[in-house]
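Now for the letters of each chain:
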Amino acid sequence: MRKTERFPVKEGPNALRQIYRTVSPWKGVRNFICIQAARYCPILEWKNWIYRHLLHMEVGKDTAFGLMVMVDVFFPEKIKIGTNTVIGYNTTILAHEYLIREYRLGNVVIGDEVMIGANTTILPGVTIGDGAVVAAGSVVHTDVAAGTFVGGNPLRVLTRRNPENTINLTNDEDLLH
């Protein structure tokens with residue numbers, strides 16, 4: 001079960017039509033502009049600067065976002081990504097979901113040295129553990145354990161890595177042996 005906080009909407013149109021009761025429209029516009037700049041920016045350090053300083057996301061050192069990554073427009077501050085993680089091309093990371101009679105908010109935590117394949121969707125309230133790998137085109141709707149390779153829709157475990165057999169490639173000497 002995802003860790004989301006639920007907010008019922010009892011009257012009026014569906015929850016998405018009432019979004020500006022929960023989020024300032026100016027925040028939405030500002031974040032949209034920042035996210036679009038980051039999506040098309042080919043310079044990884046500039047992207048990370050936008051995410052950290054303008055959108056208030058926690059982004060670890062050496063993390064890399066592929067082109068066209070779409071982070072949550074309304075609640076990017078609920079996204080935390082560890083160090084040396086790769087987020088693949090056109091991935092979507094959501095921290096909210098607006099339904100008919102409720103909306104839900106949840107933190108998204110992506111660990112250190114995680115690989116997220118292209119065209120993946122990450123739903124609110126999930127944690128992806130350190131060293132996990134998410135196959136391209138997956139929908140992450142539940143927590144992913146550290147060191148696990150997952151994929152698909154619905155998401156399923158494809159394999160688990162044994163931490164004792166994992167080589168840490170932190171310098172060039174490790175690559176040569």
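The residue numbering used here restarts from 1 in each chain and proceeds along that chain's sequence as written. Owing to the predicted nature of the model, reporting of local features is limited to residues with pLDDT of at least 70; listing and counting of side-chain atom pairs is limited to 80 or more, with chain, interface and lining totals taken over all residues. Processing note: side-chain calculations cover all non-hydrogen atoms of the structure and skip hydrogens and water entirely.

Engineer: What should I look at first to understand the nonpolar core in this one?
Structural biologist: Generally speaking, a soluble globular protein has its nonpolar side chains buried in company with each other. Tyr51, Met57, Val71, Ile93, Ile110, Ile122 and Ile128 are the most contacted members of the largest nonpolar core, which totals 40 residues. Listing elements by their share of this core, those giving two or more residues are α1 (25-40), α2 (44-54), β4 (70-71), β5 (79-81), β9 (102-105) and β10 (108-110). With three residues, the single largest contributor to this core is α1. Two residues qualify as a contact provided that any one of their heavy atoms is within 4.5 Å of a heavy atom in the partner residue. Other than its neighbours up to four places away in sequence, Ile122 contacts Thr91, Thr92, Ile93, Leu94, Val108, Ile110, Ile116, Ile128 and Val140. By convention a nonpolar core is built from buried Ala, Val, Leu, Ile, Met, Phe, Trp, Tyr and Cys residues, the set being connected through side-chain atoms within 4.5 Å. Think of it in three bands: residues with accessible area under 20% of the maximum for their type are buried, residues over 50% are exposed, and the middle band is partly exposed, with areas taken using a 1.4 Å probe on protein chains only. In this text, helices come from DSSP runs of H or I with a minimum length of four residues, and strands from runs of E with a minimum of two, each type numbered from the N-terminal end.

Engineer: What is the right way to read the pattern of salt bridges from this model?
Structural biologist: Between side chains of opposite charge, pairing is possible as soon as their charged atoms come close. Salt bridges are identified by distance alone: a Lys or Arg side-chain nitrogen within 4 Å of an Asp or Glu carboxyl oxygen. Inspection of every chain in the model, using the stated rule, returns seven salt bridges. The residue Arg104 makes a salt bridge to Glu102 at a minimum N-O spacing of 2.6 Å. Considered together, Arg104 and Glu102 belong to a single accessibility category, that of buried residues. By sharing partners, the salt bridges in this structure join Arg2, Arg6, Glu97, Glu102 and Arg104 into a single network.

Engineer: Any chance you could explain the sheet that holds strand β8 (residues 96-98) here in plain terms?
Structural biologist: The three strands are arranged β1-β9-β8 in an open sheet whose pairing can be described as antiparallel. Pairing within the sheet leaves two strands with one partner each, and these edge strands are β1 (5-8) and β8. When strand polarity is set aside, the average angle formed by the axes of neighbouring strands in this sheet is 15°. When DSSP finds two or more bridges between two strands, those strands count as paired. Inspection of the sheet shows β1 paired to β9 by four bridges, in the antiparallel sense. Following the sheet pairing, Phe7 is matched in β9 by Tyr103. Axes, fitted as lines to C-alpha atoms, cover a helix only where it is in contact. Angles between the N-to-C directions of the axes lie from 0 to 180 degrees.

Engineer: Mind showing me how you'd approach the packing of aromatic side chains here?
Structural biologist: Any aromatic ring pair is given by two values, namely how distant the centres are and how the planes are angled relative to each other. We call Phe, Tyr and Trp rings a pair once their centres come within 6.5 Å, taking the six-membered ring for Trp, and we label the pair stacked below 30 degrees between planes, edge-to-face above 60, and tilted otherwise. The full count for this structure, using the stated rule, is four aromatic pairs. Measuring from centroid to centroid gives 6.4 Å for Tyr20 and Phe74, while their planes differ by 80°, and the two rings are edge-to-face. Of this pair, Tyr20 sits in the loop between β1 and α1 while Phe74 sits in the loop between β4 and β5, and the two are 54 residues apart along the sequence. Residue classification places Tyr20 among the partly exposed positions, given a relative accessible area of 49%. On the accessibility criterion, Phe74 (13% relative accessible area) is buried. Residues Tyr98 and Tyr103 carry aromatic rings whose centres are separated by 5.1 Å and whose planes lie at 20° to one another, so their mutual orientation is stacked. There is no split in this pair, since Tyr98 and Tyr103 are both buried. A connected cluster of aromatic rings, assembled from ring pairs, spans Phe7, Tyr98 and Tyr103.

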